[in-house]
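Inside the fold
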Protein chains: 2
Amino acid sequence: MPVTPPPLDPVRLGAYFALMDVASLLRHAVEQQLREAGELSYVQFQLLARLGLDSPTGSHRMTDLADGVVYSRSGLTYQAGLLEKAGLVTRSPSPDDERGVTVTITDAGRARLAEVLPGHTEVVSRLLFEPLSHADAEALAQLLAPVREHMRSTPPRSAAPRRRGGARPGGS
Amino acid sequence: MPVTPPPLDPVRLGAYFALMDVASLLRHAVEQQLREAGELSYVQFQLLARLGLDSPTGSHRMTDLADGVVYSRSGLTYQAGLLEKAGLVTRSPSPDDERGVTVTITDAGRARLAEVLPGHTEVVSRLLFEPLSHADAEALAQLLAPVREHMRSTPPRSAAPRRRGGARPGGS
DNA sequence: CTCGTTAGCTTCGAATTCGAAGCACAAGTG
DNA sequence: CACTTGTGCTTCGAATTCGAAGCTAACGAG
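A brief report on the enclosed structure follows. These figures come from a predicted structure and were not determined experimentally. (Residues numbered from 1 in each chain as written. Chains lettered and ligands numbered in written order. Predicted model: local features only at pLDDT ≥ 70, side-chain atom pairs only at ≥ 80, totals over all residues. Heavy atoms only, no water.)

Here's the deal with the interface of chain B and chain A
Between chain B and chain A, the residue contacts involve 60 residues of the former and 60 residues of the latter. Contact between chain B and chain A buries roughly 5,900 Å² in total, counting both sides, with carbon and sulfur atoms accounting for 73%. A per-residue breakdown of the area chain B buries against chain A is headed by B:Arg12, B:Tyr16 and B:Met151, which together make up 11% of the total. There are four salt bridges connecting chain B and chain A. B:Arg148 is the salt-bridge partner of A:Asp21, the closest N and O atoms lying 2.9 Å from each other. Here chain B and chain A share twelve residue pairs in polar contact (both at pLDDT 80 or more) between them. Residues belonging to the side of chain B that touches chain A are distributed by class as follows: 34 nonpolar, 13 polar and 13 charged. (Contact = heavy atoms within 4.5 Å. Buried area = accessible area lost by both parts, 1.4 Å probe. Salt bridge = Lys/Arg side-chain N within 4 Å of Asp/Glu carboxyl O. Polar contact = N/O pair within 3.5 Å; in protein donor to acceptor, adjacent residues only side chain to side chain. Nonpolar A, V, L, I, M, F, W, Y, C, P; charged D, E, K, R; others polar.)

Considerations on the sheet that holds strand β2 (residues 89–93) of chain A
Residues and elements named next belong to chain A. Reading across from one edge, β1-β3-β2 is the order of the three strands in this open sheet, with antiparallel pairing throughout. Both outer strands of the open sheet, β1 (59–61) and β2, are each paired with one neighbouring strand and no more. When strand polarity is set aside, the average angle formed by the axes of neighbouring strands in this sheet is 25 degrees. As judged from the three bridges shared by β1 and strand β3 (residues 101–105), these two strands associate in the antiparallel manner. Its bridge partner being in β3, Arg 61 is matched across the sheet by Thr 102. Across the sheet, helix α2 (residues 42–53) is in contact with β1, β2 and β3; its angle to β3 comes to roughly 80 degrees. (Pairing = 2+ DSSP bridges. Helix = DSSP H or I, 4+ residues; strand = E, 2+ residues; numbered from the N terminus. Axes fitted to C-alpha atoms, helices over the stretch in contact; angles between N-to-C directions.)

Considerations on the protein's contact with DNA strand C
Near DNA strand C, the surroundings consist of 25 residues, among which A:Tyr78, A:Gln79, A:Arg99, B:Thr63 and B:Thr77 are the closest. Backbone atoms, meaning sugar plus phosphate, form 68% of the atoms of DNA strand C positioned within 4 Å of the protein. Within the side chain of A:Ser74, one N or O atom sits 2.9 Å away from a base oxygen of DNA strand C. Of all the secondary-structure elements, those providing two or more residues to the surface near DNA strand C are α4 (73–85) of chain A together with α3 (62–68) and α4 (73–85) of chain B. (Near = heavy atom within 4 Å.)

Considerations on the relation of the copies chain B and chain A
Of the transformation placing chain B onto chain A, the axial shift is 0.0 Å and the rotation is 180 degrees, giving an RMSD of 0.1 Å. The relationship between the two copies is best expressed as a two-fold rotation axis. Comparing contact sets, 100% of the residues at the interface of chain B also lie at the interface in chain A, consistent with an isologous, same-surface contact. (Least-squares fit on C-alpha atoms with pLDDT ≥ 70 in both.)

Topic: helix α1 (residues 10–38) of chain A
Its 29 residues place the ends of α1(A) 41 Å apart at the C-alpha level, agreeing with the 42 Å of an ideal helix rising 1.5 Å per residue. Within two residues after α1(A), A:Glu39 carries a phi angle of roughly 55 degrees, on the positive side. (Expected span 1.5 Å × (residues − 1).)

Structural notes on the sheet that holds strand β2 (residues 89–93) of chain B
All names here are of chain B. Here three strands make up an open sheet; going across it, the order is β1-β3-β2 and the pairing antiparallel. One side of each edge strand has no neighbouring strand; the edge strands of this open sheet are β1 (59–61) and β2. Between one strand and the next, the sheet's axes are offset by a mean angle of 25 degrees, whatever the strand orientation. The pairing of β2 with strand β3 (residues 101–105) spans five bridges and is antiparallel. Bridge pairing in β3 links Pro 93 to Val 101. The sheet contacts of helix α2 (residues 42–53) involve β1, β2 and β3, and relative to β3 the element is tilted by about 80 degrees.

Structure follows, in structure tokens:
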């Protein structure tokens, strides 16, 4: 039974709106920059960045990539397919787990990443950090860190008994 | 000539990632709640909220709505069309400006809004504000306010001479 | 008044996104 | 080993999104 929660006070409401608004605007600007500079979507850029910058080997399992990116699994497959078709990554079965897929960035992928990264940095610096001092940025990061933790550890839904979900084995 | 900008220091990079991540997660959670509680998309909810809560008359021009929402004009038309088909708003030509369209929320629209609002508040409170004190929320709002201003006042692109943009007159 | 320009919104086609359903491999149980 | 359950990823169809193109109304200059 949904107990009517207390409405958000103006301060929180403002913070909520500002957060969503800033993120949307920033995302749109970044997307535009990426499209013009390197024909990349935001998701593709995130994947390349994760592979090229966060990984010493340049490889990741699809699942690991999905953890870093919010989007749905199917969307991830789609974008990874586009990246592969563009020659920026390769997909191969994982050595340990036959059903896993390992995605590896190619040299062309690294080159493309290096190509768009400066512009990306420039846009983020200009739009997000121009009005913020270094101390502000630090405060923002420290404010958001626990929120991120909290969201990532909270299940998507509280109740909802998950109607016998998942993979039915014997298909045909 | 894109002068290579200095890369983002770790603090700013962390703030940037945290911001985008938190906003994405929150948006997904909110979208899910809205879909389950009231068959509304996020954009539709924003439009209804703007009409039902922000406007004394319950009406707005399309342009005013577009200013509050980030999405494209065509997307706005699409969602407004869906809302109209669902009977939650009406669209009529603006009295002053014959080419403007005024969107007005209906009683059914207000009812639907009242229906989903508690759940929406609950999700936002739980996901975003549970790990934040009231002072934290205030700090967050004050940090983001100038950023929002800055983004909204900055043109989408700096250079790019806008190739003779807009409406070409003699179509046929 | 007539022409050229701008503003406001819609239509169109292509691309992206999601959730549900499906398949193949892995792991646990008897 | 046979069988059941769970994990990892992909395919599929529907819905949403965007940008470009188009149309009508308002505006400005000659």
